Amino acid sequence: MRALKAEGVTTIFGYPGGAIMPVYDVLYDYTRGEKKAFEHILVRHEQGATHAAEGYARVSGKVGVALVTSGPGATNTMTGVADAMMDSTPIVVIAGQVPISSLGTDAFQEVDLVGLAQPISKWSYQIRRAEDVAWAVSRAFFIAGSGRPGPVVLDFAKNAQIEKVEYQPVKVNFVRSYIPLPELKESAVRQAAELINKAERPLALVGQGVELGDAHEELKAFLEKADIPAGRTMLGLSALPCDHRLNMGMLGMHGNLAPNKKEQECDVLIAIGMRFSDRVTGDLRTYAKQAKVIHLDIDKSEINKNVHADVAVVADCKESLPAITALIEKKQHTEWIASFAPLKEQEHIKVIEPAIHPKEGKLRMGEVVHEVAAQAKGNAILVTDVGQNQLFATRYFSYTQKRSLCTSGGLGTMGYGMPAAIGATYGDPDRQVVCFMGDGGFQMCIEELGTIMEFQCPVKLIVLNNNYLGNVRQWQDMFFKRRQSFTKMMNPCYALIAQGYGIPYEAVTEREHLSEAIDKMLHTPGPYILECAIMEEDNILPMTPPGKDVDNMMLEIQI
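Since this is a predicted model, take the numbers as computed values, not measurements.

Parameters at a glance
- Residues numbered from 1 in each chain as written.
- Predicted model: local features only at pLDDT ≥ 70, side-chain atom pairs only at ≥ 80, totals over all residues.
- Heavy atoms only, no water.
- Phe/Tyr/Trp six-rings, centres within 6.5 Å; stacked < 30°, edge-to-face > 60°.
- Helix = DSSP H or I, 4+ residues; strand = E, 2+ residues; numbered from the N terminus.
- Buried < 20%, exposed > 50% of the residue type's maximum accessible area, 1.4 Å probe, protein only.
- Pairing = 2+ DSSP bridges.
- Axes fitted to C-alpha atoms, helices over the stretch in contact; angles between N-to-C directions.
- Salt bridge = Lys/Arg side-chain N within 4 Å of Asp/Glu carboxyl O.

A closer look at the packing of aromatic side chains
- Overall, the coordinates contain 13 aromatic pairs when judged by the stated rule.
- With a centroid separation of 6.1 Å and an interplanar angle of 75°, the aromatic rings of Phe 13 and Tyr 426 are classed as edge-to-face. In this pair, Phe 13 is assigned in strand S1 (residues 11–14) and Tyr 426 in helix H19 (residues 417–427), connecting sequence segments 413 residues apart.
- Given the relative accessible area of 17%, Tyr 426 is considered buried.
- An angle of 80° between the planes, with centres 5.5 Å apart, marks the rings of Trp 475 and Phe 479 as edge-to-face.

Have a look at this one:
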């Protein structure tokens, strides 16, 4: 507890059990009275603890903490650890373990946690002695939160929990062979600036690295000086305000038409804190072959991994962006920027307008998201689950502030939404948190309603209910001859479930009631569940078919 306190921890998401009971016994004193240092949030499932820690970390910029027991408690966290690794989210998972004397005996709830966690974490370590506790905790937080952030797992043997040792504060800020902040090379900065100065059709791809590096103002200064239009990855959506004149929309399979098309026309592509995911690039054999590529990233392993970089600037973008900005010329790319407008208009007419302002039929996901965003006035934190709800929500929500999005990007974890939203309310208590979920993802994490009930987490839960696993159903319709194999769902009565948890609830089935229902939800103190009956076969568009060129975007379903 002293070591956690020294790292500035104030919130712990956890679930007790036998092998972590000595820690929980001491935690009892640190959550009440004069000694109080932490708020412990009792989740209902250990996976929920990790996702809540992720939501906390993504919104606050601090390291999230999950505390669990051994065996199934520890293995239940592995999905969250993998999710945090894929999305560069700093969390520390502390799990109990059987005593060292019992290791290898198949003792009750024994599992090789270090072996399990090693491939999907930045660092995993087994604490075997009490004298190593302070060092291990400090090292864990240093590794999790520095450089390219990520998850760390501490496997805490029970004998080390009950041994006694004099507490000596330890502050780890150096690990041999680990270089969290690479040295910025002036030669790379000069080369990048030269390419940008010669560019006639530059395009920036903005990723989550800008959020993680807190380089929002540096990004705007860079883009505005050289007049460079920008597309944003899904995880980088709130790195640039929606209403910024150089923001051209979202990249990727279900992104906006204009930035995806223009990736294949630009002459210089500037990737900033993004990893060239397959969902962004489409077919790598044809991706941006006409362009010179400048890649800014803190992680050297991302350079040339998927896309060859003509210039690699390996550093924190908070440092590299100003360095490049100082050397670039002030430009105006008026014609190039204007060329995005016809594509924006085409998408607006064919896709966006029908999605957010349908004239008839059942409710559409896009119009629900659009109305919530309009009433939240760009100030809310958006949390999503995974599936069509995620794709509609990220496309049609409004972002005006940094760190305004929590979603599972790389791993695509259904069940992420609700616990991440819980964590987000603790990460930034002053902002409203809205969470969009499909009926599938809602049921994957439905037990966390108990956490919301107990702690009255002020989460606004919007369930977009179409009685389908909608994203899989859409793919089945498009690529599997409409053979809808086990994607239609029989759902429970969510009104009775909400009643059981004592959470205010309303269902919307008619368009004319939507605005009023959203207003009531947003102005009701504490948690709220709004169920929206969505058109069963609502589809998310545009879409680049898997394996196709990034600019080969479908604006309508072709079956």
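A look at unusual backbone geometry
- Backbone torsion omega between Leu 541 and Pro 542 reads -5°, so that peptide bond is classified as cis.
- Here Pro 542 is to be found in the segment after strand S18 (528–533).
- Although it is not a glycine, Gln 456 adopts a positive phi angle of roughly 50°.
- When you line up the elements, Gln 456 lands in the loop between helix H21 (449–455) and strand S16 (459–465).

Description of the sheet that holds strand S7 (residues 202–206)
- An order of S9-S8-S7-S10-S11-S12 is seen for the six strands of this open sheet, with the pairing classed as parallel. Each edge of the open sheet carries a strand with a single partner, namely strand S9 (247–250) and strand S12 (311–314). Taking each pair of neighbouring strands and ignoring which way they run, the sheet shows an average axis angle of 15°.
- When S7 meets strand S8 (residues 230–232), the two strands line up parallel, connected through three bridges. Across the sheet, residue Ala 204 finds its bridge partner in S8, namely Ala 230.

Considerations on the pattern of salt bridges
- Counted according to the given criterion, the structure contains 22 salt bridges.
- Among the salt bridges present, the one from Asp 227 reaches Arg 245, with a minimum N-O distance of 2.9 Å. Pair noted here: Asp 227 is in the loop between helix H11 (216–226) and S8 and Arg 245 is in the loop between S8 and S9, with a separation of 18 residues, a long-range link.
- Salt bridges sharing common partners tie together Arg 148, Asp 299, Glu 302 and Lys 305.

Considerations on the pairing of strand S2 (residues 39–42)
- For S1 and S2, the ladder comprises four bridges, and the chain directions are parallel. Of the residues in S2, the one forming a bridge with Ile 12 is His 40.

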